[in-house]
Structure formats: C-alpha cells, structure tokens
Amino acid sequence: MKVLKELVQELDRCVRCGTCRGVCPTFGVILREAASARGKVSLAKSYVDGDIALSRTFIRHISECVLCGACEEVCANDVPVPDIIIAARGEKVRSEGLPFTASAVMKGLNRPHTFMSLALRVASKFQPALFKKVPKESGMRRRFPVPLVDKDRLVPPLAGKFMLDTLKKSGKVERGVFVSRSRDSKVRVGFFAGCLTNYISPNIGIASIEVLNRVGADVFVPLKQVCCGMPALGMGDVKDAKSLALRNLDAFEGLDLDFITTSCATCGEALKRRFKDLLLDAGDPATGRRVEEYCGKVRDINALLVNELGIGDIIPAAAGDESRKVATYHDPCHLRRSQGIKEEPRELLEMAGLRIKEMNHPCRCCGLGGSFNLTHYGFSMEIGKKKAEDIDSTGAEIAATACPGCILQIKDGLHHVGSTVKVVHVIELLAGRLRGGEGMNSG
Amino acid sequence: MIMDRRDIEKLTSIVGRGNILTDKEERICYAYDATNQLHLPGAVLFPASATEISRIMTLANRQGFPVTPRGAGSGFTGGSLPVEGGVVVSLERMNRILEIDEENLLAVVEPGVVNGDLQMAVERLGLFYPPDPSSMKFCTIGGNIAECAGGPRAVKYGVTRDYVLGLEVVLPDGGIVDTGVATIKGVVGYDLTRLFVGSEGTLGIVTRATLKLLPLPEAFNTMMVTFKDVVDGAKAVSAIIRSGVVPTAVEIIDGVSIGCVKDGAATGIPDGVDAILLIELDGDRGSIDRDAASVKDLCLENNGLDIKIASSKKEVKALWRLRRALSPSLARIKPNKLNEDVVVPRSKIPDLLSGVRDVSEDKGLMIPCFGHAGDGNIHVNVMYDARDKGETERAWEAVKAVFELVVRLGGTISGEHGVGTAKAPYISMELKPPVINVMKDIKDLFDPKGILNPGKIFQCHRGGSDEGP
C-alpha cells in the first residue's frame, strides 16, 4: 500500500472538474465541497504540500467517506480516490494509533475466529437483556444506552451459532479444514466466510456451501481463516490488514484448490485485490508468488457459479412466467465497481425463479461503508434512506443483494422508512429454489 | 485578504453558525474551480434566502470586502474564484425547484438546483429544459445563468439566455430586484434579465429564476460517424447545416482528443480515425427517420467512413459519456491546458480547424479540438506543462494566435465559458474600446465600490487599459 506522500502523481491527476460531485453519496447528503471527492483530494494535496496539518477538521473530512468508489468510476483521469482516502486515514493511524475501541476489535480480529467466537458468544447471552426484538423484522432495537449504538439503530442479532463453530462440530473436519464433498466432485473450492457471515448471517455461508456442492464443487472451509482485513484497511490500519492477509494466505495453503470464493462482496475485494496491494510491495518474492497465486484463484461466488461452474446448465432461468415473485437487486459497491460483477447475480436471481424489477440507481451505495456506519451512524443512515426509498418504490417483494454488509444496512434503512420489503442474499434465494422452497428463511 | 473578526461575527449572525466556514481546511475546498487554480477566500457563507444575501451585500458594501458568488465551482474561466479574497457566497443550499407550471411551460427554481436534476424533474412530466452543458450532472442553474452556459443542443435550441424569462437578483448594494416576466413576450423597459445572464456574477447574485420549458420531443436518435480527416468531418457539418436539417446536436471530436478517451476507456474506435461526429436528432419518429437518412448520405458524400446508430438508451448514454469525459481526460497529454471555447460562423469551421493545425505545428504543441460543431463552437485545448517555462510561453502565444484567427474568421473568443480571469487579457482583441467603456460604466453603475466578484472580465476596472499581453 502506498502512503499518502507516494500518491502525489495520483493527487495531481485531479483537475477539480467537479464530476465526482454528481455521484458522491456523502456530498449528496451534506452538500459541502469537503464531503466530495474533489474536496478530499484537495485537502490531501494541501496536507502533502504542508499547507495544513493533520488537524481535526482534516481528519473529520477524510473520515466522511464510504469508500464506494463512485467518484473513481466517473473520473476521466482515474484518480484513485479510495486509495487516497485509505492512505490519508493511514496518516492518522501512523501518528496517533487507532482509537481505543477500534484497536481492541482489531486485536480480536487478528486471532482465529474461534477466539472472537468465545468473546461474542458471551456477548450474545446478554443480547435479550440489552435489546428487544423488533416484530416481523430480523433486527433488534436497544433497550438501554449501549456504547456506540444509536437509539434508532436496528441492531443485527448475533447468530445463535456462529458458522465456523457449527462447521467445527459437524464431524466433517479434516486437519483443521471443514470439508463438504459434492456427489460429483469436479472442482475443489475454498470458501472464505468473512466476519458478517460467520457471526451474524451463517445461513448465507451454509447456503453457499449447499449450492456449491450441488454444482459439483467440493468445498473446503479452513477453520483457521480470519477477518479479510477490510475494516482495518478502511480505517487506514495497514499493519493489521497486512497481518490478517498473511494469516489468510496460510489458512488456505496446501489444499490444492482450483478456486477460492466468498459470498461477501467486500471480502471478495480484499481477497482478490487488496491482498496484492498489501503484500506485493513487501519486497519478499516468496510472499509475492503466494499472494499472486492466492488472488488469482479468488472469484466472487456469483461469478464462480455462472462463469466457471456452469450453474445455468443445472437450473435454467425461469423466464417468461409473469406470476413469479418480483425482486429488485442492489449492486454492492465492492462487487460492481471493485470487481466489475453486475450481470451474474441478476442471472442467478432469474434462476432462483424471480422476476427482476430494477430500482433507480441500483449501484448507488447503501451507505454502510464498513466501519463508517459505526462511527457516522446518522450520516450513514441518511445515505441508507435514499437506497431504501429506491427499493421501496419498485414495489418489489424482495430486495436481493450479494453482500452481507449491504443486507444489514438495507434492512436498517427500510426499517427507517417503514417498508416491509424482505432483504436477502442472492445465494439464499438460489439455495431455497434448489431445496424446492422459496429460500426466504433469512435472518 | 484576512477577514476582520467583527465582520465574521456579523456574517455569522446573518447566516447562522452552521452556515459559515472559516477554518483553513474548509476554505481550501472553496478556493478552486475547474480551472484548477487556487485563491483562498477569507470565509465561505451558505445563505438560505435572498434576504440573507441582501444583508451580506449590505455589510460587504459598507466594509468593502469582496464577495464572490459560487454554484458548483465547475466553471472553466475562474468566474467563481475569489481572486481578491473576501467571502465566497455558496448557493448550494438554495437548491429547491419551487414550481413546475405545466400549463404555462415554466419552472421557477433557486440558483443551487443542479441542471441535470431540473432536466429529470421536468422530463418526468413530459417537459424539456434544453440547455445541457457537459457538466450538467453537477453544475447549477445559477452558474449556468451567470456564465450563459450552452451545450451540444444549442444548435437547435439555443443557450441558457434563451430560456431565462425572469430573475430575482440581489444587487451589490443589497437591493433586491425582480427583472423580466413570466410570459413569452415582454418589452416593458430595458431587458435587464438578458443583462444579468452571462454577466458572470459581477452585477448581482441571482436568487431565483423563471425558466421557459418546452414539450419533450417524442424521440431522439444518436449516431456516430467516423472520418479519416478532421477537415472532412467539418465539411460534413457544413453540408448538414446547409441541407436544412436542424439536428439537436452535432459534436466533433478530433484525432488527438480521440487518442485521449481511447486511452481511458474501451471505445471500439479503430485506428486511422482522425475525426468523429456525434449527431443527435429529435422530433417525431417520422421526421427523425427522414432526417437521419439525409444526414447519413451527407456524411458519406464527405468521405465518412463508418456510421453507427445507437439502438438503445444504453448505447446513446455510452456515446455521450465518451463526449463528456473528453475535457477532463485531456490531462493525459500534458498536466496543464488552456481551454478556449471559441466560436466561428459555421461555414468557417474547416478554416478554423486547419488554422489551429498550423498553430499547433508552428508552436510544437498538441492542440486537441472538439466541441459543438453544429453551432460553430469549438473547444480548442492548448496542452502544455507549466513546469516548462518555454512551453508555457509558447502555449500563451498559441492561444493568442488562435484568438487572432477566430476574430479574423468573424467569430468570438468565448461561446459559453465566459471571460472570468482566464480570458480577461484578451477581450480587447474582440471588443473595441468604446464598447469596453460602456461595459465598465454599467459595472460601475451597479457596483461602484467594485466589491462583487472583482477581478473578472476586465483586467482593470476603470480608467486602465485592457490591452492584451
């Protein structure tokens, strides 16, 4: 990862044309130049030039970005704004370290999931005392003041059983790796769960394994895997992100895998691209080769199923039937922009027996932005409400997407606008179809 | 210029604590526009009404600090740069569409409304607001009015001034005036509305505009034609105009510019293409098909190589995205550019393009050209590296040579960007001294203390010379 001073050329590519103002979700909420990519790039440039210090105002503005990449997408000069923001946040981490809570979380994430499981399992016992369940929606509202939790926030409940814990006790573990073989073993696929799937939505992970098995993939889930590191990177914490990337390289080694996949768009970006950013410039050729090989195998699960494993031959799309349920699809930033994947999840939805009705701005960020949602909840929800309105006005029964993070945010946003649209991962819907049901048992 | 603390306090009481920014970090973000130059203001204000702006102007007039109005900061000539410091009055908060009158085909808007947002809002009702500057997705109507923005559709529909019927304006002394009408016709008194349109925020700050709308055309047809020689492309444009077909837009992109976007995006444009025409037609389906056929023939007669007709909305969007990405993408050639939006009579476009080619060779600089060939408005971009002193000097010489050429061809040195600071040194090449003096007298009448957007249009306010460098 480049530090800010090494990004001078990239900073200079910005000609201040203002195109980013038209697409920036944070600018769209506060309508102040410093919220736009152009403003942040100008501030980063002034900082590098020594015109401003690492001041509170500078840090605040740099923190107000969801890293959605919409600006980079429309920029005629390819200014890599997310990289610039991450590097600018890194300046703060380098000079002041992480804030206390973030640093504690990072320490936890930097251990195998089993460690966090223990801590979170204890926490999950207190859930009913602290939160009350919101009827009909898969979320909870707080009962008493809880640190970091806004009173209107719809808090996702921790899963009763975490995914990797469940797999560990399944009896199908071989040398620290959960293995689920397919009836007709054609390929060997490693599955990366990611924190949200593991701790909050294990059914997305279980559904992923099921679907992969059905299309002839033997699935390997190394239990040693850790967080993908994107929360750390988003905060500018390159050191922890690097160490997490290395642990994940280790966890998947020696399994002779054809592919590594994940059903989380954000983890996908980390595994496919950010691991290289983090580890390639380490000046260590052996690690370089390992990370190239690892990243080369990574596919998002939607792309893997459609493009590599030929799921279309097994379940053709149910086109033409007008009585099908209507779903709308939200493009996760880290899938559509970071990985260029937009058609595959839509094809899978058709295969799951749904009719797609596109929303306005399907690729406008949901506003989660990883830890942005924790540190800037109100702001995050202002962006989230726009997404919720776009979804609600389609009249669709189901809002599907391909990222467990977007799912949590969209549920919260819909709750705020009083909508009852159900939010589900594409893979859950697909698994439901394969099981012969509707695939709506989410949450 | 450092703002007086007491002035800041008074300004704060006018706009409210949350609507004034004084930290350096914040001011940096309002120090630039699309010219990419930096002029730090002393404070940035976000008023919410004409009354607040009036109070700001009254104070500025008494205290003598400069006021620079600003929309989206997307201008190309420095119109919103606070070159003499003072305060920037950002109109971003005043962004409401107040009324869309479907019976009388009018819209009443605040200045901070984004052009593209207005277009979408009226199109949902089957109406049409034609002015479409390339920055329409983020530029504001207030800025459009101040600069009299144009756009590709000007060929058929004219420019911003053709759609502004009436204005509410805060004058430099704090007075609030209403100009114009809410009707198509109106001749009572001088046409102050037209005076304010294109006055670059030097005579007053527009706080509300009554805009004319049209019915939305039934259909659009967009096509792309390639040429081996840019002069052939220009000849095809002249032929189309002569034929009586009135296209919505005729954009030309020369070979150097094509190279830039090809570099940045997969365009599918083959090698050996030195010009592209992007032609849009609108109207009812029958007339469009007829016009498309004649346009096609005329292009082929003028050595057109390949004609691609966009068959879906997506393809139309892709074609226009290519065009809109052009201006910023030129930074791939050289870090700096002098972006001139000259206009010549349409029949003279081939002379302009071949003349610019001569200047380019003479000065040894790349000068990509593209723009609104249909109305004779060509964006001539002299590319250079400001770190290279010799090159910078030659770039300015090239600009002067291009302006001389344009004036010789009977054109004007700015079609839609305005003069601002960028073209102030050159206005005397086009305007005779008595005209400049009348203009300065007008400025003086409105703003005797010279506090509203100083340093724009004229190099010297009064008494001085506006001779070029």
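Described in the following lines is the structure provided in the data block. Note that the structure is a prediction, hence the values are computed from the model and not measured.

Definitions and limits used
- Residues numbered from 1 in each chain as written.
- Chains lettered and ligands numbered in written order.
- Predicted model: local features only at pLDDT ≥ 70, side-chain atom pairs only at ≥ 80, totals over all residues.
- Heavy atoms only, no water.
- Contact = heavy atoms within 4.5 Å.
- Buried area = accessible area lost by both parts, 1.4 Å probe.
- Salt bridge = Lys/Arg side-chain N within 4 Å of Asp/Glu carboxyl O.
- Core = buried A, V, L, I, M, F, W, Y, C linked by side-chain atoms within 4.5 Å.
- Buried < 20%, exposed > 50% of the residue type's maximum accessible area, 1.4 Å probe, protein only.
- Helix = DSSP H or I, 4+ residues; strand = E, 2+ residues; numbered from the N terminus.
- Lys, Arg positive; Asp, Glu negative; His and termini not counted.
- Polar contact = N/O pair within 3.5 Å; in protein donor to acceptor, adjacent residues only side chain to side chain.
- Pairing = 2+ DSSP bridges.
- Axes fitted to C-alpha atoms, helices over the stretch in contact; angles between N-to-C directions.

This part is about the interface of chain A and chain B. On the side of chain B, 29 residues touch chain A, which itself brings 28 residues to the contact. Each partner contributes to the roughly 2300 Å² buried at the junction of chain A and chain B, and carbon and sulfur atoms together form 52% of this total. It is R21, R32 and A76 of chain A that lose the most area in chain A upon contact with chain B, and together they represent 23% of the buried surface on that side. For the pair chain A and chain B, the interface holds 4 salt bridges. The shortest N-O distance in the salt bridge between R70 of chain B and E33 of chain A comes to 3.6 Å.

Take the nonpolar core next. In terms of nonpolar packing, the biggest core is built from 139 residues, with L212, L305 and I311 of chain A touching the most fellow members. When near neighbours in sequence (up to four residues on either side) are disregarded, L305 of chain A contacts V211, L212, V215, G310, I311, L348, I427 and L430 of chain A. Core analysis: the next-biggest nonpolar cluster, separate from the first, contains 48 residues, V225, L281, I378 and V399 of chain B among them.

Quick look at the side chain of K456 of chain B now. Residue and element names in this part refer to chain B. Structurally, the position occupied by K456 is in the segment after α16 (433-446). No salt bridge is formed by the buried K456. Its closest oppositely charged neighbour is D33, at 7.0 Å. Within the structure, K456 has its side chain in polar contact with the side chain of N453 (distance 2.5 Å). Ignoring any residue separated from it by four or fewer positions in sequence, one finds K456 in contact with T68, G78, G79, S80, L81, V83, T202, G420 and T421.

Residue and element names in this part refer to chain B. Pairing in this open sheet of 7 strands is antiparallel, and the strands run β15-β12-β14-β13-β17-β18-β16 from one edge to the other. Both outer strands of the open sheet, β15 (304-309) and β16 (336-343), are each paired with one neighbouring strand and no more. Going across the sheet, the axis of each strand differs from the next one's by a mean of 15°, ignoring polarity. As paired strands, strand β13 (residues 249-254) and strand β14 (residues 275-283) are joined by 6 bridges and run antiparallel to one another. Looking across to β14, one finds that I252 is bridged to L277. Sitting on the sheet, helix α13 (residues 349-363) touches β13, β16, β17 (369-372) and β18 (377-384), and the angle it makes with β18 is about 5°. Contacts from helix α14 (residues 389-408) reach β16 and β18 within the one sheet, and its direction differs from that of β16 by about 5°.

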